[in-house]
Amino acid sequence: MATVYFSSPIMQKNKKVEAIAGQRSTLLGVAKANKIQIPFECEDGNCGSCLIKVTHLDGERVKGIMLTDKERVVLKSLGVLSKTEEEKASVRDLPPTHRLACQTIVPDEDILVEFTGEPGGSGADD
């Protein structure tokens, strides 16, 4: 079981959701099921409109989450995937800070998901 906290300026308050890790649910799917309005257009990882910022809340125990080639290309085109994060994702399967909600599977750890409410906006570091 993972606890996912969603935070956005378009929400009246943060929302805490219990999600079952390993069911192959994406963060966008969990958000939609809980009426959390992360912007999205294609749901296929091509457009970048569901850009989010993910903070792992379990300290140093970050779980490896595969970054797909499609997601890597989109994140690079949006300018939110640094060379260091790309290398960590490729070599050690360590997830980058910014992800696409439609491509990110719920991990078996507690996370904070931030988004601006604008397509392609990811939260605090924008």
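Everything numeric in this text was worked out from a predicted model, so none of it was measured. (Residues numbered from 1 in each chain as written. Predicted model: local features only at pLDDT ≥ 70, side-chain atom pairs only at ≥ 80, totals over all residues. Heavy atoms only, no water.)

S.K.: Looking at this model, I keep getting lost on the layout of surface pockets. Mind explaining?
M.R.: Space left empty within the atom packing is revealed by a probe, the size of a water molecule, rolled over the atoms. Volume-wise, the largest pocket comes out at about 160 Å³. Every residue along the wall of the largest pocket is listed here: Val54, Thr55, His56, Val62, Glu85, Lys88, Leu94, Pro95, Pro96 and Thr97. Put simply, the parts of the chain that give the lining of the largest pocket at least two residues each are strand 3 (51-56) and helix 3 (83-92). Looking at the lining of the largest pocket element by element, the count peaks at three residues for strand 3. Split by residue class, the lining of the largest pocket holds five nonpolar, three polar and two charged. (1 Å grid on protein atoms, 1.4 Å probe; cavity = no way out; pocket = protein on both sides within 12 Å on 5 of 7 lines; lining within 4 Å. Points joined across faces, edges and corners; volume = space filled by probe spheres on them. Helix = DSSP H or I, 4+ residues; strand = E, 2+ residues; numbered from the N terminus. Nonpolar A, V, L, I, M, F, W, Y, C, P; charged D, E, K, R; others polar.)

S.K.: Where do I start with helix 2 (residues 69-77) in this structure?
M.R.: Because each turn of an α-helix spans 3.6 residues, side chains separated by three or four positions in sequence point in the same direction. Of all the positions in helix 2, only Glu71, Arg72, Val74 and Leu75 are classed as buried. The elements touched by buried residues of helix 2 are strand 3, helix 3 and strand 4 (98-100). After helix 2 finishes, the residue glycine 79 shows a positive phi value of roughly 75°. (Buried < 20%, exposed > 50% of the residue type's maximum accessible area, 1.4 Å probe, protein only. Contact = heavy atoms within 4.5 Å.)

S.K.: Can you walk me through the pattern of salt bridges in this structure?
M.R.: Oppositely charged side chains can pair when the atoms bearing their charge come close. Per the counting criterion, the structure on display carries four salt bridges. Of the charged contacts, one joins glutamate 43 and lysine 32 as a salt bridge, the two residues approaching to 3.0 Å between their closest N and O atoms. Taken as a pair, glutamate 43 in the loop between helix 1 (27-33) and strand 3 and lysine 32 in helix 1 lie far apart in primary sequence, 11 residues in all. Here lysine 32 falls in the partly exposed class, since its relative accessible area comes to 38%. Linking aspartate 44 and lysine 70 is a salt bridge whose minimum nitrogen-to-oxygen distance equals 3.3 Å. Within this pair, whereas aspartate 44 is found in the loop between helix 1 and strand 3, its partner lysine 70 is found in helix 2, the two being separated by 26 residues in sequence. Judged by relative accessible area, aspartate 44 falls into the partly exposed class, the value being 36%. Its relative accessible area of 33% is what places lysine 70 among the partly exposed residues. (Salt bridge = Lys/Arg side-chain N within 4 Å of Asp/Glu carboxyl O.)

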